[in-house]
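# Close look at the chain arrangement
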Amino acid sequence: ADANTLDDYEEGTWTPALKFGGNSVSMTYSIQSGAYTKIGNRVLYSFFFVLTAKGSSTGAVTIEGLPFAVPAGYLGYSAMSLRLQNISFADTPSGATVANTTSLDLRETSNAGVQSTLTESNFADDSYVIGSGQYRI
C-alpha cells in the first residue's frame, strides 16, 4: 500500500467525567460533552463541562473517560490546553494525560515552580472546564 494513504481514521464522542479522589458522589452537570478524532496513532480530543453541583467527594482532580487508553511510558504523557472558570489555582493551571489510564490530571504551578494537584477545594458548584489536547496511543 502507498505510505501516504490514510488507513486509520475515526471520529467520535466521549463523556468527560470529573472525579475527586476517584469519585463523583452527588456531582451534577448542565453540560458534559467531548469529541475526538483518531488518526493513526494520534488521538486529538476536546471536552467541555459545566457543573451545577460539585458533590461531596474529596481528593485529587481527574477528568476520566478518554476514548483510548494512554500507554505506559514517557510517550503517553501529553499536556493539554485549558480554559477554567470558577476554579481557584496558584498562578498557572495545567493538565496532562495519565499513563495506563483513560484519565487527565489537573494541577497548578506556583511562580516559584512548585507543582501541586488541584482538589475539590479548588472547585465551586458552578465551575466549568474547556480543554483540548492530543496524545499518542
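Read on for a plain summary of the structure.

Cut-offs and rules
- Residues numbered from 1 in each chain as written.
- Predicted model: local features only at pLDDT ≥ 70, side-chain atom pairs only at ≥ 80, totals over all residues.
- Heavy atoms only, no water.
- Helix = DSSP H or I, 4+ residues; strand = E, 2+ residues; numbered from the N terminus.
- Buried < 20%, exposed > 50% of the residue type's maximum accessible area, 1.4 Å probe, protein only.
- Contact = heavy atoms within 4.5 Å.
- Areas by Shrake-Rupley, 256 points an atom, 1.4 Å probe, with all protein chains shown as cover.
- Lys, Arg positive; Asp, Glu negative; His and termini not counted.
- Charge placed at Lys NZ, Arg CZ, Asp CG, Glu CD.
- Patch = residues over 30% accessible without salt bridge, like charges linked within 9 Å, V, L, I, M, F, W, Y side chains within 5 Å.
- Salt bridge = Lys/Arg side-chain N within 4 Å of Asp/Glu carboxyl O.
- Phe/Tyr/Trp six-rings, centres within 6.5 Å; stacked < 30°, edge-to-face > 60°.
- Lys NZ or Arg CZ within 6 Å of the ring centre and 35° of its normal.

When helices and strands are counted, the chain shows zero helices and 10 strands. Each of the three principal axes of the chain carries a C-alpha extent, and together these read 55 × 35 × 20 Å. Taken over 137 residues, the chain has a buried fraction of 34%. Taking the contacts inside the chain whose residues are at least 6 apart along the sequence as the reference set, 67% of them involve residues at least 24 apart. As presented, the chain carries roughly 7,100 Å² of accessible surface, and 49% of it is formed by carbon and sulfur atoms. Taking the average place of the 7 positive charges on the side chains of the chain and the average place of its 12 negative ones, the gap between the two points comes to 3 Å.

Another point: a nonpolar patch on the surface. Together, Y9, I39 and L44 make up a nonpolar patch on the protein surface, roughly 270 Å² of accessible area in all. Residue position: Y9 is located in strand 1 (residues 9–14). According to the relative accessible area criterion, Y9 is partly exposed, its value standing at 43%.

Here we come to the packing of aromatic side chains. Scanning all chains against the criterion turns up nine aromatic pairs. Residues F20 and F123 carry aromatic rings whose centres are separated by 5.4 Å and whose planes lie at 65 degrees to one another, so their mutual orientation is edge-to-face. Taken together, the residues F20 in strand 2 (residues 17–20) and F123 in strand 10 (residues 123–136) connect sequence positions 103 residues apart. For the pair shown, F20 and F123 are each scored as buried. By the ring-pair criterion, three or more aromatic residues cluster together here, those being W14, Y29, Y45, F47, F49 and Y135. One residue, K38, lies across the ring of F68, its end atom 5.9 Å from the ring centre.

Position of Y45 relative to the elements: it lies in strand 4 (residues 42–53). Between the alpha carbons of Y45 and G34 there is a distance of 7.3 Å; along the sequence they are 11 residues apart. Once residues within four sequence positions are removed from consideration, Y45 is found in contact with W14, A35, Y36, L66, M80, L104, G131, S132, G133, Q134 and Y135.

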